[in-house]
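# Observations on chain architecture
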Amino acid sequence: MPSVEGVCLASPSRSGVFNKATDRRVERFTESVSFDHRLYAHDVQGSIAHAQMLAKVGLLSEDECRRICQTLIDIRDEIAAGNFELRTELEDIHMHIEQALIDRLGDAGRKLHTGRSRNDQVSTDLRLWVRDSLDRVDSRLVELQKAFVGRCDGDLDVILPGYTHLQRAQPVLAPHYWLAYCEKLERDRGRIRDCRRRVNVSSLGAAALAGTSLPIDRHDVAQRLGFEEVGANSLDISSDRDFVLEAAFTLSVIAAHLSTWAEEWILWSTTEFNFLKLPQEFCTGSSIMPQKINPDVLELTRGKSARVIGNLQALLVLVKGLPLAYNRDLQEDKEAIFDSFDTVELCLELAAPLVAGASLNREGIAAKLDKGHLDATTLMEYLIGRGIPQRSAHHLIGDLVRQATEKGIRLADLPLTDFQAAEPSLDKTVFECLGVDNVVAAFRSYGSTAPAEVRKQLEIWKKKLN
Ligand code: ARG
């Protein structure tokens, strides 16, 4: 370790230009190892590919490369097993691993950083980490889709009120609700795929910002790491964090979807709605009110979306004022993106079993389906089918709804004479479109809640998820 004036300058990044050690407070302020230690396995993965490329172009001997790779694997395994000491004076996980390599191999270890800077190294590690994490989230999304699809057959007989403005609107089959969430999650998966393409670009070999005068092979190292492209501009790719922003955005949309689902199910599980019974293993009690069964998992799923969305905001603000190329500010990206992944993965892990374990309160739902004139729109469409212009039919049915509401009865309870007073051409077939069962059966448009349509979509989902 280089030593000047009896002071041990522990950091390998402190060259001979320094003759004073780093202030301890500065070490504490600038360290990132307390959080970027999570990158250790990806750092080793990146370093092995880099070493193999260096050997291929003749910058390392085969023997040096072999020893470096084996020692990196040993170090990785020691870190994984918790047998590796982390010290703030070594700033980050990248320097810890490199220093351990140097301690064990001497000069061979000192060659690993050839043609590379921590700027492209950090970016590479983070790209590898984000790539793996996106794949994990993607699998969790599929699990949640499977949980929703898994409910559908059992719930095909249930009609729920559908809402707009949280006011009763039209009847909807329960599986139509479940598949609605599958669609949202499928778009989330699409965003993951899109984002992954731009994550999957190699920055290694961009070095500090300008590239290197050494004969490295960036395409070789990219291929070894499974990157599909090589960043074409060293200035850009050494400091690019668009991929972090995109991942944070993708996770924010997932968090927002989970939050709306959580909110809906919190409402549905209230005494007021009483549509849904949540699995008790996913509920908590109150320390003072013995009767309480609280939907805390759903509440926290809703609540945790705040930090995921906040992380996106923080990351955008972090990068918005940075001149090219690497700036130390970028070290601050890690905690935000780690937290977003951790939070979303945690929420998804609980969402799937919660969806599978909840049960619909069929009687409670059916008992109130007559409330709110869920059949008014289909009645209007029945009039349209008989040649009455939509605007006129809309007005006329509004009138009938008012009459029924004033009497405290359903549209189906109005006498035929009331319908005929509104529109003389009406006959008793009007009753065939009233009541939620008739309404649901009457739907026919593509993507609607018509039972045949929902069954068709359900089959498509089952195939897709198999
Ligand atoms: N710990 C730093 C980070 O994570 C390493 C960057 C080193 N680059 C530099 N130019 N100081 O961003």
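Residues numbered from 1 in each chain as written. Predicted model: local features only at pLDDT ≥ 70, side-chain atom pairs only at ≥ 80, totals over all residues. Heavy atoms only, no water.

With that settled, the discussion passes to the overall build of the protein. Along its length, the protein carries 19 helices and eight strands. For the protein, the spread of C-alpha atoms along the principal axes amounts to about 105 × 55 × 40 Å. The buried share of the protein, reckoned over its 466 residues, is 49%. Surface summary for the protein: the accessible area is close to 22300 Å², and the carbon and sulfur share equals 52%. Each charge class in the protein can be summarised by its mean position, and for the 57 positive and 68 negative side chains these summaries are 1 Å apart. (Helix = DSSP H or I, 4+ residues; strand = E, 2+ residues; numbered from the N terminus. Buried < 20%, exposed > 50% of the residue type's maximum accessible area, 1.4 Å probe, protein only. Areas by Shrake-Rupley, 256 points an atom, 1.4 Å probe, with all protein chains shown as cover. Lys, Arg positive; Asp, Glu negative; His and termini not counted. Charge placed at Lys NZ, Arg CZ, Asp CG, Glu CD.)

Take the packing of aromatic side chains next. Two aromatic rings are characterised by how far apart their centres lie and by the angle between their planes. Under the defined criterion, the tally for this structure stands at 13 aromatic pairs. Relative to Tyr181, the ring of Phe148 has its centre 5.4 Å away and its plane inclined at 15°; by these criteria the two rings are stacked. Of this pair, Phe148 sits in helix α7 (residues 118–155) while Tyr181 is found in helix α8 (residues 174–199), placing the two residues 33 residues apart along the sequence. As far as burial versus exposure is concerned, Phe148 and Tyr181 are alike and both buried. On the basis of an interplanar angle of 70° and a centroid distance of 5.7 Å, the ring pair of Trp178 and Trp265 is categorised as edge-to-face. Taken together, the positions of Trp178 in helix α8 and Trp265 in helix α11 (residues 242–268) put the pair 87 residues apart, joining distant regions of the chain. In this structure, Trp178 and Trp265 share a single accessibility class: buried. Cluster of aromatic residues (ring-pair linked, three or more members): Phe148, Tyr163, Tyr177, Trp178, Tyr181, Trp261, Trp265, Trp268, Phe273 and Phe275. The ring of Phe338 carries the charged tip of Arg38 above its face, separated from the ring centre by 4.8 Å. Between Arg131 and the ring centre of Phe227, over which it is positioned, the NZ or CZ distance is 5.2 Å. (Phe/Tyr/Trp six-rings, centres within 6.5 Å; stacked < 30°, edge-to-face > 60°. Lys NZ or Arg CZ within 6 Å of the ring centre and 35° of its normal.)

Turning to empty space enclosed by the protein, a few remarks are in order. As enumerated under the stated definition, the model contains two cavities of 30 Å³ or more in all. Considering only enclosed or pocket space, the largest cavity measures out at about 90 Å³ in volume. Forming the walls of the largest cavity are Leu369, Asp370, His373, Leu374, Asp375, Arg410, Leu411, Ala412, Gly435 and Val436. When grouped by side-chain class, the residues that make up the lining of the largest cavity number five nonpolar, two polar and three charged. The calculated volume of the second largest cavity comes to roughly 50 Å³. Forming the boundary of the second largest cavity are Leu144, Phe148, Tyr181, Lys184, Leu185, His257, Leu258 and Trp261. Residues that form the lining of the second largest cavity fall into these classes: six nonpolar, one polar and one charged. (1 Å grid on protein atoms, 1.4 Å probe; cavity = no way out; pocket = protein on both sides within 12 Å on 5 of 7 lines; lining within 4 Å. Points joined across faces, edges and corners; volume = space filled by probe spheres on them. Nonpolar A, V, L, I, M, F, W, Y, C, P; charged D, E, K, R; others polar.)

Our next topic: the site of the ligand. Taken together, the residues surrounding the ligand are Ser32, Glu91, Asp92, Arg118, Asn119, Val122, Tyr326, Arg328, Gln331 and Lys334. Between the ligand and Asp92 there is a distance of 2.8 Å, counted from a nitrogen atom to a side-chain nitrogen or oxygen. Alone, the ligand offers 340 Å² of accessible surface; in the complex the protein occludes 84% of this. Among the elements that make up the shell around the ligand, the one with the highest residue count is α7 (three residues). A breakdown of the residues in the shell around the ligand according to their chemical character gives two nonpolar, three polar and five charged. (Near = heavy atom within 4 Å. Polar contact = N/O pair within 3.5 Å; in protein donor to acceptor, adjacent residues only side chain to side chain.)

The next point concerns the pairing of strand β3 (residues 159–164). Relative to strand β4 (residues 167–173), β3 runs antiparallel, the two being bridged by six bridges. Bridge pairing in β4 links Pro161 to Pro171. Hairpin connection, β3 to β4: the antiparallel pair is bridged by two residues, and His165 has positive phi, about 55°. (Pairing = 2+ DSSP bridges.)

The next point concerns the layout of surface pockets. Counted as a void, the second largest pocket has a volume near 420 Å³. Forming the walls of the second largest pocket are 18 residues, and the residues nearest its centre are Ser269, Thr270, Leu276, Lys277 and Ile293. Contributing elements (two or more residues each) for the lining of the second largest pocket: β7 (276–277) and β8 (359–360). Tallied by class, residues from the lining of the second largest pocket come to six nonpolar, nine polar and three charged.

It is worth spelling out the confidence of the model for the protein at this point. Here the protein shows a mean pLDDT of 96. Residues at 70 or above account for 98%. Low pLDDT, under 50, characterises residues 1–9; the stretch is placed with 16 contacts to residues that sit more than four places away or in other chains. (pLDDT = per-residue confidence, 0-100. Contact = heavy atoms within 4.5 Å.)

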